[in-house]
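Overview (structure and organization)
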Amino acid sequence: MDSSHVICLNNKLVNIIIFLIIFILSLFGLHQLNSDRISENEDLTENALHAFIISNANGVSNGYFQWDEMLRAVLNNNQAQLNRYENEITSMFSMNDDMEIIEKRFDGSALYDIITRDGTTYIEFGIFDSNADFYSPDQMIRFSIDPQNIFDQTLSNPKSKYHVEIIDSSGIEGIRVINTEKPLQLFHYVSAFSLALLGLFLIQSFRQFSITSHYEIDGLSNIVMLLSKKDSYTAEHSIEVANIAVFIASQLGYSKKEQRTLLKAGHLHDIGKIGISESILNKSGKLLYEEYEEIKKHSLIGYEIVSHFPNLKEVALIVKHHHELLDGSGYPDGLKGSEIPFKSQILNVADVFNALTTDRPYRKGFDKVQAFEIMAQMPLNQELVTILRTHYKK
Ligand SMILES: [Fe+2]
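Residues numbered from 1 in each chain as written. Predicted model: local features only at pLDDT ≥ 70, side-chain atom pairs only at ≥ 80, totals over all residues.

1. As for the overall build of the protein
Helix and strand counts for the protein come out as 14 helices and six strands. The buried share of the protein, reckoned over its 394 residues, is 25%. The long-range share in the protein, meaning contacts at least 24 apart out of those at least 6 apart in sequence, stands at 64%. (Helix = DSSP H or I, 4+ residues; strand = E, 2+ residues; numbered from the N terminus. Buried ≥ 20, exposed ≤ 12 C-beta atoms within 10 Å, placed from the backbone. Contact = placed C-beta atoms within 7 Å.)

Structural data, given as structure tokens:
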């Protein structure tokens, strides 16, 4: 198995791991959401159940029942009457199971109490006359109630997975509504799967972008480094040309993005010299016609190299035309005037200025005044030359 296969397998493994991590995180998040929803539903259902029990107890204690007669029956211990009232209450108050008279002191602070004991919930009513100013002091009526039954009859949805649990406590808080539904359902898995796929796609896109940028920058700097070993003048010259071109662009009000494009083009404009023989590049004497024709190929070779980088299409074009001249005497295409990309015109002015003012093995560099005199006679964009001249006069 060669190394590219190993890298490929590793990438697949990384993708699977990323997918699983996002999938698990998504499940966890959805589980949390679902749990919150269930707990909120439980609270709402429990509140509704409490409200129902209290409203029924209020209904019974506040006169829907013959308390005066009940009081007399209790005081007279008239069991037959009490049985009749039990049936009467049972028919109007469906949540009760049975009624009994209990020996318990009624403190009169409330007409009834709801209490929970040993897993059963009770409502205990004080027994009073219709004006509630006379109570049976030592007896109360107790109904046991079945919250699960109330729940099933009144609140329960046939699809619901809720059930009622009685917990030992005094008062109505002794009822709890529990959801037995499994927290994760099919749609959670489907949602988590979709989220994981989306996450994987986003991560992959980001990775692809980072890798492309990384290889572009890395690849280009490797090529520039190779060129500097072959032709150190060109490497240094390229950096200076880039800076001069960016200066002209800034004077023209170019955006930072356009200036960066020009900076890259400056660094890369002579990259094609990597394809030209060292003996010609470093020749100290005058070049022969064929040698000059060979050197002229560098702008096209540079274009071919830079075109391989998808993000550098414009840079490649600027590089290709950096030796075109306004009168059509330049190369490689002999473009004229505005046919020449404007950024190539800027690069050309920067290139010529730097070449003229730099010492070479076969001649000393011109001073700036001389350089501008020479440039004034050349078919360059003279507005751009003027920008440079004005700057260096200061
Ligand atoms: Fe060049």
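2. What to know about the nonpolar core
Ranked by internal contacts, the top residues of the largest apolar core, which has 31 residues, are Ala 245, Ile 248, Val 306, Ile 346, Val 349, Ala 350 and Phe 353. When residues in this core are grouped by element, the largest group, seven residues, is from helix H6 (residues 232–251). With sequence-adjacent residues up to four places away left out, Ala 245 is seen in contact with Leu 262, Gly 266, Ile 346, Leu 347 and Ala 350. (Core = buried A, V, L, I, M, F, W, Y, C linked by C-beta atoms within 7 Å.)

3. Describing the environment of Asn 41
Its location among the elements puts Asn 41 in helix H1 (residues 3–61). Measuring from C-alpha to C-alpha, the distance between Asn 41 and Ile 178 comes to 9.5 Å, with 137 residues separating the pair along the chain.

4. Remarks on unusual backbone geometry
The step from Tyr 331 to Pro 332 runs through a cis peptide bond, and the omega angle for that step is 10 degrees. By the secondary structure assignment, Pro 332 is in the loop between helix H11 (313–320) and helix H12 (342–356). We note that Asn 77 has phi near 55 degrees; this positive angle belongs to a residue other than glycine.

5. Describing the packing of helix H13 (residues 368–376) against helix H14 (residues 382–393)
Orientation of H13 relative to H14, taken along the N-to-C sense of each, is 165 degrees, at an axis distance of 11 Å. Here H13 lies roughly antiparallel to H14, going by the angle between them. For H13 against H14, the interelement crossing comes out left-handed. Mapping the contact onto sequence places Lys 368, Phe 372, Met 375 and Ala 376 in H13 and Val 385, Arg 389 and Tyr 392 in H14. (Axes fitted to C-alpha atoms, helices over the stretch in contact; angles between N-to-C directions. Parallel < 35°, antiparallel > 145°, perpendicular 65-115°, else oblique. Left-handed = near helix turned anticlockwise from the far one by under 90°.)

6. Considering the environment of Ile 17
For Ile 17, the position within the fold is in helix H1. Owing to 10 C-beta atoms within 10 Å, Ile 17 belongs among the exposed residues under this scheme. Taking the C-alpha atoms as reference points, Ile 17 and Leu 200, separated by 183 residues in sequence, lie 9.9 Å from one another.

7. Some points on helix H7 (residues 256–268)
Across its 13 residues, H7 extends 18 Å between first and last C-alpha, which sits within 8% of the 18 Å expected from 1.5 Å per residue. Residues Leu 262, Lys 264, Ala 265, Gly 266, His 267 and Leu 268 constitute the buried set of H7. (Expected span 1.5 Å × (residues − 1).)

8. Notes on the packing of H7 against H11
Two elements in contact, H7 and H11, have axes whose closest approach is 9 Å; the angle formed by their N-to-C orientations is 50 degrees. Considering their axes alone, H7 and H11 lie oblique with respect to each other. Relative to H11, the crossing made by H7 is right-handed. Touching Thr 261, Lys 264, Ala 265 and Leu 268 of H7 are Glu 314, Val 315, Ile 318 and Val 319, all from H11. Counted by class, the contact of H7 with H11 contains five nonpolar, one polar and two charged residues. (Nonpolar A, V, L, I, M, F, W, Y, C, P; charged D, E, K, R; others polar.)

9. Overview of H6
When the terminal C-alpha atoms of H6 are compared, their 29 Å separation across 20 residues agrees well with the 28 Å that a helix rising 1.5 Å per residue should span. Here H6 has its buried residues at Thr 234, Ser 238, Val 241, Ala 242, Ile 244, Ala 245, Val 246, Ile 248 and Ala 249. Positive phi appears at Gly 253, one or two residues downstream of H6, with a value of about 80 degrees.

10. Side note on the environment of Asp 333
Mapped onto the secondary structure, Asp 333 falls in the loop between H11 and H12. Among the residues examined, Asp 333 registers 15 C-beta atoms within 10 Å and is labelled partly exposed. C-alpha of Asp 333 to C-alpha of Leu 300: the two residues are 33 residues apart in sequence and 9.6 Å apart in space.

Any functional reading would require information that these geometric values do not contain.
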